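Fold and geometry: a report
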Amino acid sequence: MCHTCTRHFKDYRYVKLVAGSGGKGACSFHSEPRKEWGGPDGGNGGDGGSIIIKADRFVKSLAQVVPVYKGEDGQSGGSKNCYGRNACPTYISVPVGTVVKEHGKMVFDLSEHGQEYLAAFGGSGGKGNRFFLSNENRAPMTATPGTEGQERVLQLELRTMAHAGLVGFPNAGKSSLLRAISNARPAVAAYPFTTLNPHVGIVKYRDHEQVAVADIPGIIRGAHQNRGLGISFLRHIERCRCLLFVLDLSSPEPWMQLQHLQFELDQYEAGLSQRPQAIIANKMDLPEAEEKLKTLRSLVTQRVIPVSALTGKNVEELVLHLRELYDGYLQEEGKSTRW
């Protein structure tokens, strides 16, 4: 996503849905010359329009979702046994990876293009008096109104669908790294620049396999308590199958960054920091980096990949290891399908 679009990007929306009401049934009697009482001929009303949320891969943000949707009402029944027309459903297009919640609990996950969720049912059409005709009642005067459409307030959340997430503090170099390994072009600045929304880049391999990598917005201490970008950033990490912790070797103690990052992830969701992972020691172009890298390696058990996003040094090793994590996940799950 280009940087100029970021201010229009929305990953969270509340929507009120009011499905259409059913049309009312008609009360009428057939009448023609010399046949004044030809019997009841009031038709039923049509059903109200339902509201359907649909995943669309061409939609990238929830920005176009409006706060209130009202479904179309069904048509009323008519004389001569004319049934009212059923109302057409109302569709709300959302990005693939949108989660539907109600009262804070997930009710549906739109993870595939074209997937639909019937979010609010249209009301049933009322019955015309013809419906109530029986041997006991040859001239029913009863006709019923249509029922009201379902009303709901839902929460829509977009979670980035990426195989790997770059996790790190602001200015750790995640955006530069994403540029170096993929086709994404996030904004990169020469000062502590915090990406405000996730950027997703695709790493393409020679065998045509593609792995999506997300530059997750910069975490700060206390993010799980919704400080800074807080929960809005942590939601995106839930979807990442493996984590790439990006540590800034220009900081006094890069290994402490790792502890703080893991703590924030686990406070948000227990065990989140234990997903398949690697540590990326970024900014190896700095003079003090080698000494800090030795200390870091002595303190952690995970694989550490030293890179310089600035010069491109060792980026190839990172790309190859990313593929190992990806293939390892597929084997572990025993899946023939891709994530």
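Throughout what follows, the structure given in this document is the object of discussion.

**Some remarks on the pattern of salt bridges**
Under the counting rule described, the total for this entry stands at eleven salt bridges. Across the pair Arg303 and Glu324 runs a salt bridge whose closest N-O atoms are separated by 3.6 Å. With a gap of 21 residues between them, Arg303 in the loop between helix H4 (289–299) and strand S14 (304–306) and Glu324 in helix H5 (residues 315–333) connect regions that are remote in the sequence. Arg323 serves as the salt-bridge partner of Asp327, at 3.1 Å between the closest nitrogen and oxygen.

**A look at the sheet that holds strand S2 (residues 51–55)**
What the three strands build is an open sheet, ordered S4-S2-S7; its pairing is mixed. The two strands at the open ends of the sheet, each matched to only one other strand, are strand S4 (90–94) and strand S7 (116–120). Pairs of neighbouring strands in the sheet enclose a mean axial angle of 25°, with direction left out of account. As paired elements, S2 and S7 share four bridges and run antiparallel to each other. Across the sheet, residue Lys54 finds its bridge partner in S7, namely Glu116.

**Some remarks on H4**
Here H4 has its buried residues at Ala289, Lys292, Leu293 and Leu296. Along the axis of H4, the buried positions cluster into a sector of 105°, meaning they face one direction only. Pointing more than 90 degrees away from the buried face of H4 are the exposed residues Glu291, Lys294 and Ser298. Contacts made by the buried residues of H4 are with strand S12 (242–248), helix H3 (254–268), strand S13 (277–282) and S14.

**Some words on the side chain of Ser273**
For Ser273, the location among the structural elements is in the loop between H3 and S13. Assessed through its relative accessible area of 0%, Ser273 is described here as buried. Polar side-chain contacts of Ser273 include one of 2.8 Å to the side chain of Asp266. Leave out the neighbours within four places in its chain, and Ser273 touches Leu243, Phe245, Gln262, Leu265 and Asp266.

**Quick word on the sheet that holds strand S9 (residues 164–167)**
Spatial ordering of the open sheet is given by S10-S11-S9-S12-S13-S14, a layout of six strands whose pairing is mixed. Of all the strands in the sheet, just strand S10 (199–204) and S14 have a single pairing partner and so form its edges. In this sheet, adjacent strand axes meet at a mean angle of 25° when their direction is disregarded. The pairing of S13 with S14 spans three bridges and is parallel. Paired with Ala281 across the bridge in S14 is Pro306.

**Regarding the pairing of strand S5 (residues 98–102)**
Counting buried positions along S5 yields four of five residues, so the element is predominantly enclosed. Remark: two residues form the turn of the hairpin made by S5 and strand S6 (residues 105–110), two consecutive strands paired antiparallel; His103 in that turn has positive phi of roughly 55°. Where S5 and strand S8 (residues 151–158) come together, four bridges link them in antiparallel fashion. Within the sheet, the bridge partner assigned to Thr98 lies in S8 and is Leu158.

**Digging into the pairing of strand S11 (residues 210–215)**
Judged by how many residues are buried, S11 sits mostly within the fold: five of six residues are covered. As paired elements, S9 and S11 share three bridges and run parallel to each other. Bridge pairing in S11 links Ala164 to Val213. Where S10 hands over to S11, the hairpin turn is made up of five residues, of which His208 adopts a positive phi near 75°.

**Here's the deal with the environment of Thr142**
Looking at the secondary structure, you find Thr142 in the loop between S7 and S8. The exposure class assigned to Thr142 is partly exposed, which follows from its relative accessible area of 41%. Each C-alpha atom of the pair Thr142 and Arg130 lies 8.8 Å from the other, and the pair is twelve residues apart in sequence. Excluding its chain neighbours within four sequence positions, the residues that come into contact with Thr142 are Gly128, Asn129 and Phe132.

About the cut-offs
Residues numbered from 1 in each chain as written. Predicted model: local features only at pLDDT ≥ 70, side-chain atom pairs only at ≥ 80, totals over all residues. Heavy atoms only, no water. Salt bridge = Lys/Arg side-chain N within 4 Å of Asp/Glu carboxyl O. Helix = DSSP H or I, 4+ residues; strand = E, 2+ residues; numbered from the N terminus. Pairing = 2+ DSSP bridges. Axes fitted to C-alpha atoms, helices over the stretch in contact; angles between N-to-C directions. Buried < 20%, exposed > 50% of the residue type's maximum accessible area, 1.4 Å probe, protein only. Arc of directions from axis to C-beta. Contact = heavy atoms within 4.5 Å. Polar contact = N/O pair within 3.5 Å; in protein donor to acceptor, adjacent residues only side chain to side chain.

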